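# Breakdown of the fold
Listed below are the residues making up each chain.
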Amino acid sequence: MAIRAVLWDIDDTLFDYTGADRAGMQGHLAAEGLADRFPTVDRALGRWREITDLNWDRFAAGETDFQGQRRDRVRMFLGAGLSDAEADAWFERYIVHFESAWSLFPDSLAVLDGLAAEYRQAVLSNSSIRNQDRKLRVLGVRDHFEAVLCAAELGVSKPDAAAFHAACDALALDPGEVAYVGNEPDIDAGGAVAAGLAGVWLDRGGIGGRPELVRITDLGQLPGLLRGDTRFGAPSAIG
């Protein structure tokens, strides 16, 4: 079945989330007088990501709502029993520093532009539409996508097949006509394949080690893959 659409992950796929996260955390710790609490910014960021993963799992399981997981991340990171308003305010101050460092990866825009004439494009993200739609607009690429679907509104997260199928339904396409591109081998590429889509693992770090997945190491390799240089359903020879 021919690929007719590309479904995208955003964070650490098109958007340099990790780079912005590090720069944002460094600026925020300094502004909040917390720079001495952690030996390095990387240690602080590691703790923040650990807390984020824990609370996202709680959100995905229905144990809290989107705003609740944000508040709990702040409380756990600070080790303080803040009110909802205090936690919201702290997170909003962090967001200011985070957003000041937003940028696409250098290969993102050229690929989005290059695919536009041949493939429909949409987004499926494990976040909220409020965050991701605004992010895409600030980065200047929202108009590339017919639809932006996010876990907070869908009520289901990747790698659940229902999330991928909801995106295919939004495009009115069979899963076999859609390729999903993301940086997480299990959540993105593996989940897409299990849901019947063509999954592409964007392995920017060249980690490798997952021969069962179609893998690229740069988005510049994607057009050739989609056009048939490498058949989906078999390990990629690219990278």
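Use the structure listed above.
Residues numbered from 1 in each chain as written. Predicted model: local features only at pLDDT ≥ 70, side-chain atom pairs only at ≥ 80, totals over all residues. Heavy atoms only, no water.

## Looking at helix α6 (residues 129-138)
Within the span of α6, buried status applies to Q132, D133, K135 and L136. The buried residues of α6 occupy an angular sector of 160° when the element is viewed end-on, so they sit on one face. Exposed side of α6, more than 90 degrees from the buried face: R130, R137 and V138 are the residues found there. G140 occupies a position one or two residues after α6 and carries a positive phi of about 80°. (Buried < 20%, exposed > 50% of the residue type's maximum accessible area, 1.4 Å probe, protein only. Helix = DSSP H or I, 4+ residues; strand = E, 2+ residues; numbered from the N terminus. Arc of directions from axis to C-beta.)

## Observations regarding the layout of surface pockets
Empty space within the largest pocket amounts to approximately 1,200 Å³. Taken together, 41 residues line the largest pocket, and the ones lying closest to its centre are D11, Y17, T52, N126 and S127. If you list the elements that add at least two residues to the lining of the largest pocket, you get α1 (17-31), α2 (41-60), α3 (66-78), α4 (84-99), α6 and α9 (185-194). (1 Å grid on protein atoms, 1.4 Å probe; cavity = no way out; pocket = protein on both sides within 12 Å on 5 of 7 lines; lining within 4 Å. Points joined across faces, edges and corners; volume = space filled by probe spheres on them.)

## Overview of the packing of α1 against α2
Interhelical geometry of α1 versus α2 gives an angle of 110° and a closest axis separation of 10 Å. On the basis of the axis angle, α1 is roughly perpendicular to α2. Handedness of the crossing formed by α1 with α2: right-handed. The segment α1 lies against α2, with T18, D21, R22, M25, Q26 and L29 engaging V41, D42, A44, L45, W48 and R49. Each residue belonging to the contact of α1 with α2 can be placed in one class, and the counts come to six nonpolar, two polar and four charged. (Axes fitted to C-alpha atoms, helices over the stretch in contact; angles between N-to-C directions. Parallel < 35°, antiparallel > 145°, perpendicular 65-115°, else oblique. Left-handed = near helix turned anticlockwise from the far one by under 90°. Contact = heavy atoms within 4.5 Å. Nonpolar A, V, L, I, M, F, W, Y, C, P; charged D, E, K, R; others polar.)

## Points about the side chain of S157
Structurally, S157 can be placed in the loop between α7 (151-154) and α8 (161-171). Judged by relative accessible area, which is 12%, S157 ranks as buried. Excluding residues that lie within four positions of it along the chain, S157 makes contacts with W56, A60, N126, A151 and A163.

## A few points about the pattern of salt bridges
Here the structure, examined in full by the defined rule, presents 24 salt bridges. Between E92 and R70 there is a salt bridge; the shortest N-O distance is 3.8 Å. Taken together, the residues span a long stretch of sequence, with E92 in helix α4 and R70 in helix α3 at a distance of 22 residues. Note on E92: relative accessible area 37%, which makes it partly exposed. Overall, the relative accessible area of 7% leaves R70 in the buried class. Across the salt bridge formed by R120 and E146, the nearest N and O atoms sit 2.7 Å from each other. Highlighted residues: R120 in strand β2 (residues 120-125) and E146 in the loop between α6 and β3 (148-150), separated in sequence by 26 residues. Among the ionic contacts, a cluster of salt bridges with common partners joins R58, E63, R71, D72, R75, D84 and D88. (Salt bridge = Lys/Arg side-chain N within 4 Å of Asp/Glu carboxyl O.)

## Quick look at the sheet that holds strand β6 (residues 214-216)
Taken together, the six strands give an open sheet; going across it, the order is β3-β2-β1-β4-β5-β6, and neighbouring strands pair in parallel fashion. Both outer strands of the open sheet, β3 and β6, are each paired with one neighbouring strand and no more. Here the average twist between neighbouring strands, direction ignored, is 25°. Examined bridge by bridge, strand β4 (residues 178-182) and strand β5 (residues 198-202) share four bridges and lie parallel to one another. (Pairing = 2+ DSSP bridges.)

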